[in-house]
Every structure is written in structure tokens, then in C-alpha cells.
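Structure at a glance
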Amino acid sequence: MKRGPMILLGGLSVVAVLVAVLASGFQHDPHEIASPMIGKPAPDFTLKAIEPAADGSEQIVKLSLQKGHPVVVNFWATWCIPCQQEHSTLLAISREFGGAVHFFGLVYQDKPEAIDAWLNSRGRAYPTLIDVGSQAAIAFGVYGVPETFVIDKKGVIRQKFTGGVDYDEVSALLAGLLKEGT
Amino acid sequence: MNILLLATLLTAHSPARAEEPNAGSPVPTRSAVASAPQDMTADAPAASSDPTPIVGPPAGPPLSGKALEDATRTIASQLRCPVCQGLSVADSPSESAVAIKREVERLAAQGYTEAQCLLYFEASYGEFIRLEPKAEGLNLLVWAGPGALLVFGLGVIAWMRLGNRKPPAPRTLPPVDPALEPFVRQVYAVVGEGQS
């Protein structure tokens, strides 16, 4: 075989491989990074809520004490535009499930005064926790906000949502978790 | 269409404080850890994650002073800043990187070794958090691929050069009238075949 066609064939092969790699890459959301935390016990945290407890005292939340209930942990921040868009969805889901599912919003790299003003204007339905030093975010492997983790009754992370959550998807997941035993 | 898709992806999830104008600038100083803005210091309890269930108890001695600073720098330089483009945690001034750097410092101070710290962050973030992928499995392609391509390229070049050295095939004279052939040969002898 002559060299010219062979070189052309070799070049086309390399280009074909590159095109295949790029085509495969473009089919994935670059922000959708699979979490190695799914299927593992949720890292415990003890954090203070912005909202006081029912008796007016300081409200401290310890995640490991929530076992027996599915838990939704939503990392968000006031400076995050998608967080504004998904807030109403989370409020609706939390109201749908009442006290059967425990919801917590973990505020990430933000200012307390900004958080309060933000929640006052957009509504609140569950405790908002301050993630000091982003330690909880690091333990959960949070890359950015919003990221939402759904934890089952045994304290195992069952799903992670990157970006705004979908009402139907989260509701269906929680309904399934509620049917599971502890 | 592609621009729309890109815009959708970019707005769907905000990398932590990625909008910081200097998020990509290297500021590899320890003071960045110490003086990092603590927006939510207050008196709120910290999450105080415990890496022991994941990596076991600290395998090294507790560190402090210069040794702690060096260990923090060494470990942080191997971790990818989650909100930057190709920057290590050690080299990024972003809030996320500073928070991770502070966590590295906390772990190293307790005696967790470099390997334990890397394993701890890998357990929550995945292998992507390592700036340099481990040379195993499919990752070997990343390590061996460039070398293999280089060898392949050199082989192609060598093959082409050697191919050019082959002696040219003996040239056959174009068919001519047999009666004129002696004259044609004389002409070739005078002007040379290369000019024919």
C-alpha cells in the first residue's frame, strides 16, 4: 500500500478517536460530578440554626440525631442565582412532606445578615444552618451550590442533586424512602 | 444552540464563589489561611468532621509550627481547587480553596499523614480532587498516552524518511518507434534521464 493513503488513514483514525472522545464528553453535564458519597453514611455535623427553637432558645442541629426520618440537606447561598430559583421548589416539597422528612438548608460562604434578609423576602419552612468554615460542605464533597443530598432513615446518602432540584423527582424519591423501614 | 446550552449549564450550578474576579490568581501564602474572611464565624458550632471512620486514626505525630506549615502546603498543592481551572488548593485564593486548606491544616495538626489527608478528601470529592490522577487503571492512559503518541509519531517520521531513501525504480523508456530508439538513447545519454 502506498504511503500517502496510509498516512491519511492514520490521521483520520486519530481524528476519529478525538471526535469520539469529544462527542462523549459533550453528552455529559460538566457540573454533574458523580458523588462518591452516594451509598455511604452521611458525615455528621452539629450546626447552629439561624432560626431559634420553638421555645425561643438557640437551635442546634445534629444530623446523626435525625435517623429514623429521611433528611434533605440543601447547600445554598444568597449569591447563588440557581438557589433562588429552586428555593420555592424546596419550600413546596418540605410542606408536602410535613414533619415526616427533615429538611435543612446549609448556608455556604455567606453573611448572616444577607441570609436573614434573603429568607425574609423568599420565605422559610425549615431550619437554616450556618456552615462555619465550610466544614460540612467539605465533608459532603460539595463543589458548588446548590447541591442537595437526600439521606435515608438509616443515615445513608441515597441521592445527590447538582443544580436546582426537580419537584417530581425529589417528591418521588422521598415518598419511596418513607416506605422503607428504619 | 451551543451557546445556549453552555449558558444553561453555567447557570444551573454555581461553583462556590467562582465569580470572584481573582479566583484564578495564585496567592500561595499561608497568611491567606489565617486571614481568610470568616463571614460566618459568630459563635456557631462548626461541623468538625471526623476523618477517623474513613482513614483510621492519625498515623503520624501531631504537627505544629514550620512542620505543619510545610505539610499543609505539600498536601494542599496536591488537591484541586474545586472552583478553579487547573489550580491547586495551595495556589488558589478562592473561599473554597481557603476552607479546604484550613481543613488540611486542621487534620495535619492532629497527626493525619499526607496519604490519609488525600484519601479523606478523595472519599468525599472523588478522585477528581487529586490534581494529579493516580497512575492506575484507565488513568494509565493519561500517563502513558503522550509517550506512546510521541513514539508513534517518531516512528511515522522515521518510516517516511527511510522510505525516501529507497532507490528509484528503474525508469523504462516510453515506447518509441524501434527505428528511432538508438537516437532516443543517445539523446538521454547527452541530456540525462532526470531531465527527460
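Residues numbered from 1 in each chain as written. Chains lettered and ligands numbered in written order. Predicted model: local features only at pLDDT ≥ 70, side-chain atom pairs only at ≥ 80, totals over all residues. Heavy atoms only, no water.

So, the overall build of chain B
Each helix and strand in chain B was counted, giving eight helices and one strand. When the elements of chain B are put in sequence order from the N terminus, they spell out α-β-α-α-α-α-α-α-α. Looking at chain B alone, contacts between residues at least 24 apart form 64% of all its contacts between residues at least 6 apart. (Helix = DSSP H or I, 4+ residues; strand = E, 2+ residues; numbered from the N terminus. Contact = heavy atoms within 4.5 Å.)

Observations concerning the pattern of salt bridges
Residue and element names in this part refer to chain A. As enumerated under the stated definition, the model contains 13 salt bridges over all chains in all. Measuring nitrogen to oxygen at the nearest pair gives 3.1 Å for the salt bridge that ties Asp116 to Arg124. With relative accessibility at 31%, the residue Asp116 sits in the partly exposed group. Residue Arg124 is classed as partly exposed on the basis of its relative accessible area, which comes to 28%. (Salt bridge = Lys/Arg side-chain N within 4 Å of Asp/Glu carboxyl O. Buried < 20%, exposed > 50% of the residue type's maximum accessible area, 1.4 Å probe, protein only.)

Focus on the environment of Asn120 of chain A
Residues and elements named next belong to chain A. Mapping Asn120 onto the fold places it in helix 3 (residues 112-122). Judged by its relative accessible area of 56%, Asn120 is exposed. Polar contacts involving the side chain of Asn120 include one to the side chain of Arg124, which spans 2.7 Å. (Polar contact = N/O pair within 3.5 Å; in protein donor to acceptor, adjacent residues only side chain to side chain.)

Focus on the domain arrangement of chain A
Domain boundaries in chain A define domain 1 (1-30) and domain 2 (46-179). Taking only C-alpha atoms into account, the centre of domain 1 of chain A sits 45 Å from that of domain 2 of chain A. (Domains from an automatic or database assignment.)

What to know about empty space enclosed by the protein
All names here are of chain A. This structure, assessed with the given rule, holds one cavity of 30 Å³ or more. Of all the secondary-structure elements, those providing two or more residues to the lining of the largest cavity are strand 3 (71-76) and helix 2 (81-97). Class assignment for the residues of the lining of the largest cavity results in five nonpolar, five polar and one charged. (1 Å grid on protein atoms, 1.4 Å probe; cavity = no way out; pocket = protein on both sides within 12 Å on 5 of 7 lines; lining within 4 Å. Points joined across faces, edges and corners; volume = space filled by probe spheres on them. Nonpolar A, V, L, I, M, F, W, Y, C, P; charged D, E, K, R; others polar.)

Some details on the state of the cysteines
Here a disulfide denotes one covalent bond, and it connects the sulfur atoms of two cysteines. Counting across every chain of the model gives two disulfides over all chains. What pairs with Cys80 of chain A in a disulfide is Cys83 of chain A, and their sulfur atoms sit 2.2 Å apart. Here the disulfide of Cys80 of chain A and Cys83 of chain A is right-handed, its torsion about the S-S bond being about 90°. According to the relative accessible area criterion, Cys80 of chain A is buried, its value standing at 0%. Between Cys81 of chain B and Cys84 of chain B runs a disulfide, and the two sulfur atoms are separated by 2.2 Å. On the sign convention where negative is left-handed, the bridge of Cys81 of chain B and Cys84 of chain B, at about 55° about the S-S bond, is right-handed. Residue Cys81 of chain B is classed as buried on the basis of its relative accessible area, which comes to 1%. Of all cysteine sulfurs, the one in Cys81 of chain B lies closest to Cys117 of chain B, which takes part in no disulfide; the gap is 18 Å. Overall, Cys117 of chain B belongs to the buried group, its relative accessible area being 0%. (Disulfide = S-S within 2.5 Å.)

Focus: helix 5 (residues 167-179) of chain A
Residue and element names in this part refer to chain A. For helix 5, which comprises 13 residues, the first-to-last C-alpha distance of 19 Å matches the rise-based estimate of 18 Å (1.5 Å per residue) to within 8%. Listed as buried for helix 5 are Val170, Ser171, Leu174 and Leu177. Buried positions in helix 5, seen along its axis, are confined to an arc of 130° and lie on one side of it. Exposed positions of helix 5 whose direction lies more than 90 degrees from the buried face are Asp168, Ala172 and Lys179. Among the structural elements, strand 3, helix 2, strand 4 (102-107), strand 7 (147-151) and strand 8 (157-162) are those in contact with the buried residues of helix 5. A distance of 3.3 Å separates the backbone nitrogen of Asp168 from a side-chain oxygen at the start of helix 5, and that oxygen is part of Asp166. (Expected span 1.5 Å × (residues − 1). Arc of directions from axis to C-beta.)

Considerations on the nonpolar core
Membership of the largest hydrophobic core comes to 31 residues, with the highest contact counts inside it found for Phe45, Val73, Phe75, Leu106 and Phe140 of chain A. Those elements giving two or more residues to this core turn out to be strand 3, strand 4, helix 3, helix 4 (135-140) and strand 7 of chain A. Ranked by the residues each element gives to this core, the list is headed by strand 3 of chain A, at four residues. Ranked by size, the runner-up nonpolar core spans 25 residues in total, among them Val83, Cys84, Cys117 and Phe121 of chain B. (Core = buried A, V, L, I, M, F, W, Y, C linked by side-chain atoms within 4.5 Å.)

Overview of the pairing of strand 8 of chain A
Residues and elements named next belong to chain A. Two elements, strand 7 and strand 8, share five bridges in a ladder whose sense is antiparallel. Looking at strand 8, one finds that Val150 is bridged to Gln159. Counted between consecutive antiparallel strands, the loop separating strand 7 from strand 8 contains five residues, among which Gly155 sits at a positive phi close to 90°. (Pairing = 2+ DSSP bridges.)

Remarks on the packing of aromatic side chains
All told, the structure shown has nine aromatic pairs over all chains when counted by the stated rule. Here Phe103 of chain A and Tyr126 of chain A contribute two aromatic rings whose centre-to-centre distance is 5.6 Å and whose plane-to-plane angle is 35°, an arrangement assigned as tilted. With Phe103 of chain A in strand 4 and Tyr126 of chain A in the loop between helix 3 and strand 5 (128-130), this residue pair connects regions lying 23 residues apart in the sequence. For the residue pair Phe103 of chain A and Tyr126 of chain A, the accessibility class agrees, reading buried in each case. Each ring, one from Tyr120 of chain B and one from Phe121 of chain B, has its centre 5.4 Å from the other, and the planes form 70°; the classification is edge-to-face. According to the relative accessible area criterion, Tyr120 of chain B is buried, its value standing at 4%. Seen from the ring of Phe128 of chain B, Arg80 of chain B lies directly overhead, with NZ or CZ sitting 4.2 Å from the centre. (Phe/Tyr/Trp six-rings, centres within 6.5 Å; stacked < 30°, edge-to-face > 60°. Lys NZ or Arg CZ within 6 Å of the ring centre and 35° of its normal.)

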